[in-house]
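Each chain is listed here by its residues.
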Amino acid sequence: MSAPLAFESQSTWYEAPAERQPVGEPLSGSVETDVCIVGAGLAGLFLAKELTERNRPALIIEARRIGAGASGRHGGFCSPGWACREAQIEERVGLVKAKALFDLSHEGCQIVKDVLTTADVSYTSGILHPSTYSNADGLLRTQERMDKDFGYQLEFLDSDMVKGLLDTSQYYQAWCDPKGFHFDALELCLLLGEALQKQSVPIYEETLMKQFQRTSSGWEVTNQQGTVRCKHLVFCCGGYGGKEFAKLRTKFCRSRPMLSSPDHSVRNSNRLSGQPMAFQMGVVLAITIGLLREIAYCGMETSLPLERSTQPVSLKK
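None of the values given here were measured: they were computed from a predicted structure.

Novice: Mind laying out the overall build of the protein chain, listing which residues take part and the relevant values?
Specialist: When you go through the protein chain residue by residue, the secondary structure sums to seven helices and 12 strands. When burial is assessed residue by residue, the protein chain has 47% of its 317 residues classed as buried. Residue pairs at least 24 apart in sequence account for 73% of intrachain contacts in the protein chain once pairs closer than 6 positions are excluded. Working note: accessible area of the protein chain is about 17100 Å², and carbon and sulfur atoms make up 52% of it.

See below:
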């Protein structure tokens, strides 16, 4: 069993009421599969779901439990965009590629919404982004730019409208993303995990990867009690892990937290990267979509069918 992380607790808003299944047996012995996914967070779970629907054998190993990391304890806000502002992305890669990246994140958000809708899981529509200083001109420019360059409509709210909505006088103007939404982060993780296990997709919890190495036929992943031999190895574990990832450890993107105070004011510690963590959910799925396309159409053999199955993974409770 992995040592508890500093933030692990049973008293989070999501964890306390969660209906978790009992922990299964960790990986033991030797198993073989097409794709081994390391990490049972949203990226790993969604990737396993999409691979299953394309008839690609896959399994997941997870050092702790499903959704134990950021995927199961983030703010639960989902809207398109990236941590870096669109203007900065455009400056670096040009408008055409910036729009393609934005569309990819938008697609990720829609995948999340489709899963929640299919499973009849509730979510709250609309995300408000208030300003802590008077910035009407700046917010209107943002609204205009998003509509003109990215085809995405935001709603502007003046100070009186904001004060009428929020029980605080700390904010001025705001823009609202009517297509964004909020959901129970851990509930989504557990829903995906249960659906995958019903499809006989192995998810080995409490299975800490010790090392990985290339073989003549693909990859070999080892833990304390077992070994996975696979053609393809995918890490979906963010900034967690240690020396077992060798040089890859410095390549993972780490999350920055958003803190919420009792008076409902939001203080964002992600200042250096530009936008609050509300945007990160779409990013997770955008990266997963891009990864899936790379796996399915560029990096894998095509001896197995890649088209979506006529019987997708059932998400009904």
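Right, picking up where we left off after that structure.
Novice: Any chance you could break down the environment of serine 217 for me, citing the residues and the numbers?
Specialist: Structurally, the position occupied by serine 217 is in the loop between strand S8 (211-215) and strand S9 (218-222). A relative accessible area of 57% places serine 217 in the exposed class. Each C-alpha atom, one on serine 217 and one on cysteine 230, is 7.8 Å from the other, the two residues being 13 residues apart in sequence. In this view, serine 217 contacts Cys230 and Lys231; residues no more than four positions away in its chain are not counted.

Novice: Outline the nonpolar core, listing residues and values.
Specialist: Core analysis: the biggest nonpolar cluster contains 35 residues, and Ile37, Leu45, Phe46, Ile60, Val112, Phe183 and Leu188 have the highest contact counts within it. Counting only elements with at least two residues in this core, the list comes to strand S1 (29-38), helix H1 (42-53), strand S2 (58-61), helix H3 (95-118) and helix H6 (185-198). Among the elements that make up this core, the one with the highest residue count is H6 (eight residues).

Novice: Account for the pairing of S8, with residues named and values stated.
Specialist: Relative to S9, S8 runs antiparallel, the two being bridged by five bridges. Looking across to S9, one finds that glutamine 211 is bridged to threonine 222. In this structure, the hairpin formed by S8 and S9 is closed by a connection of two residues.

Novice: Could you give an account of the pattern of salt bridges, with specific residues and numbers?
Specialist: Any two side chains of opposite charge can pair, given that their charged atoms come close. Tallying each qualifying case throughout the model produces nine salt bridges. Of the charged contacts in the structure, one is a salt bridge between lysine 49 and glutamate 50, with a shortest N-O distance of 3.5 Å. In terms of burial, lysine 49 and glutamate 50 fall into one category: buried. One salt bridge in this structure joins arginine 145 and aspartate 149, with 3.0 Å as the shortest N-O distance. Taken together, the residues arginine 145 and aspartate 149, both in helix H4 (residues 136-150) and four residues apart, mark about one turn of the helix. Accessibility expressed as a relative area gives 26% for arginine 145, which makes it partly exposed. Judged by its relative accessible area of 14%, aspartate 149 falls in the buried class.

Novice: Before we move on, can you summarise the pairing of S1 with the specific residues and values?
Specialist: S1 sits mainly inside the fold: seven of its 10 residues count as buried. Here nine bridges tie S1 to strand S10 (residues 226-235), and the two strands are oriented parallel to one another. Opposite glutamate 32, over in S10, you have arginine 229 as the bridge partner. Pairing analysis gives four bridges linking S1 to S2, with the strands arranged parallel.

Novice: Any chance you could break down H4 for me, citing the residues and the numbers?
Specialist: Counted at 1.5 Å a residue, the expected span for H4 with its 15 residues is 21 Å, and the 20 Å between its end C-alpha atoms agrees. Among the residues of H4, those classed as buried are Gly138, Leu139, Met146, Asp149 and Phe150. Down the axis, H4 shows its buried residues gathered within 120 degrees of arc, on one side only. Exposed side chains of H4 directed beyond 90 degrees from the buried face belong to Asp137, Arg141, Glu144 and Lys148. Tucked inside the fold, the buried residues of H4 contact helix H2 (86-93), H3, strand S5 (155-157) and strand S6 (174-182). Remark: glycine 151 follows H4 within two positions and exhibits a positive phi of approximately 65 degrees.

Novice: I'd love a proper account of the sheet that holds S9, names of residues and values included.
Specialist: What holds strands together in a sheet is hydrogen bonding between their backbones, with the strands either parallel or antiparallel. On the basis of which strands lie adjacent, the open sheet formed by six strands has the order S7-S2-S1-S10-S9-S8 and mixed pairing. Of all the strands in the sheet, the pair left with one neighbour each is strand S7 (203-204) and S8. Of the strands in this sheet, S1, S2, S7 and S10 are in contact with H1, which crosses S1 at around 100 degrees.

Novice: Give a description of H3 that names residues and reports values.
Specialist: Compared with an ideal rise of 1.5 Å per residue, which puts 24 residues at 34 Å, H3 spans 34 Å between its outermost C-alpha atoms and is within 8% of the ideal. Ala98, Phe102, Leu104, Ser105, Gly108, Cys109, Ile111, Val112, Lys113, Val115 and Leu116 are the residues of H3 that are buried. At the exit of H3 stands aspartate 120, carrying a positive phi of roughly 60 degrees.

Procedures and definitions
Residues numbered from 1 in each chain as written. Predicted model: local features only at pLDDT ≥ 70, side-chain atom pairs only at ≥ 80, totals over all residues. Heavy atoms only, no water. Helix = DSSP H or I, 4+ residues; strand = E, 2+ residues; numbered from the N terminus. Buried < 20%, exposed > 50% of the residue type's maximum accessible area, 1.4 Å probe, protein only. Contact = heavy atoms within 4.5 Å. Areas by Shrake-Rupley, 256 points an atom, 1.4 Å probe, with all protein chains shown as cover. Core = buried A, V, L, I, M, F, W, Y, C linked by side-chain atoms within 4.5 Å. Pairing = 2+ DSSP bridges. Salt bridge = Lys/Arg side-chain N within 4 Å of Asp/Glu carboxyl O. Expected span 1.5 Å × (residues − 1). Arc of directions from axis to C-beta. Axes fitted to C-alpha atoms, helices over the stretch in contact; angles between N-to-C directions.

None of the figures reported here should be taken as evidence of function without further support.
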